[in-house]
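Listed below, chain by chain, are the residues.
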Amino acid sequence: MKRGYQEHRFIDLYAFRETRNGSGGRGYWKASCYFALVALSFSGAIGLTFLMLGCALEDYGVYWPLFVLIFHAISPIPHFIAKRVAYDSDATSSACRELAYFFTTGIVVSAFGFPVILARVAVIKWGACGLVLAGNAVIFLTIQGFFLVFGRGDDFSWEQW
């Protein structure tokens, strides 16, 4: 850097682009994409906090409800498989997509049923069950929101993350 020359970087907060010395921008991003990404990560953290509170509070202290994390991890897999197998995106419905919806629904229902069964057989307390169910609701809504925001086929999709 030459002496006396100072490079100024300006950040346009509305379009999330970085410009140098006020001339032309590079890396144009939509503000809504960043907002959605921050909101989804915040809601995912809230859901995991509910789940951890249901396990780690002193009154509860049993970590069996953490097995619902397996359901959270495998719930998008049928959608990914159906998206790879079904090539025609013009069709409103296909058998592969409907089967993926069926398996995803079964996984989500299992994630909600698992803590209820654990509470029913007195492995965990009902308060822990309520916190885990609240965490499940928030996390699954976050996963659905992720697919609604980044699952479109336009230039702003989840594939670039």
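Since the structure is predicted, the reported quantities are computational estimates derived from the model, not experimental observations. (Residues numbered from 1 in each chain as written. Predicted model: local features only at pLDDT ≥ 70, side-chain atom pairs only at ≥ 80, totals over all residues. Heavy atoms only, no water.)

It is worth spelling out the overall build of the protein chain at this point. Tallying secondary structure elements over the protein chain gives five helices and three strands in all. The order of helices and strands in the protein chain, counted from the N terminus, is β-β-β-α-α-α-α-α. Looking at the protein chain as a whole, 27% of its 161 residues are labelled buried. Restricting the contact set of the protein chain to residue pairs at least 6 apart, pairs at least 24 apart contribute 51%. (Helix = DSSP H or I, 4+ residues; strand = E, 2+ residues; numbered from the N terminus. Buried < 20%, exposed > 50% of the residue type's maximum accessible area, 1.4 Å probe, protein only. Contact = heavy atoms within 4.5 Å.)

Summarizing the sequence annotation, UniProt attributes the feature "transmembrane region" (unreviewed entry) to residues 33-54, 60-78, 99-118 and 124-150 in the numbering used throughout. As annotated, residues 60-78 has a helix share of 47% and a strand share of 0%, and its two end C-alpha atoms lie 33 Å apart. The span residues 99-118 shows a helical share of 100% and a strand share of 0%, and its end C-alpha atoms are spaced 29 Å apart. (UniProt positions renumbered as here; feature names shortened; annotations may be inferred.)

Right, let's get into a nonpolar patch on the surface. On the surface, a cluster of nonpolar side chains totalling about 970 Å² of accessible area is made up of Trp 64, Phe 67, Ile 70, Ile 74, Ile 77, Phe 80, Ile 81, Val 85, Ile 117, Val 121 and Val 123. With four residues, the top contributor of residues to the nonpolar patch is helix α3 (residues 77-85). Within the secondary structure, Phe 67 sits in the loop between α1 (31-56) and α2 (68-74). (Patch = residues over 30% accessible without salt bridge, like charges linked within 9 Å, V, L, I, M, F, W, Y side chains within 5 Å. Areas by Shrake-Rupley, 256 points an atom, 1.4 Å probe, with all protein chains shown as cover. Salt bridge = Lys/Arg side-chain N within 4 Å of Asp/Glu carboxyl O.)

This part takes up unusual backbone geometry. Here Ala 122, not a glycine, exhibits a phi torsion of approximately 65°, which is positive. Structurally, the position occupied by Ala 122 is in the loop between α4 (95-120) and α5 (126-150).

This part covers the confidence of the model for the protein chain. Fine structural detail should not be taken from predicted coordinates in areas where pLDDT scores are low. On average, the protein chain scores 80 in pLDDT, and the residues at 70 or more come to 70%. pLDDT under 50 marks residues 8-28. Its contacts with residues more than four places away, or in other chains, come to 34 contacts. (pLDDT = per-residue confidence, 0-100.)

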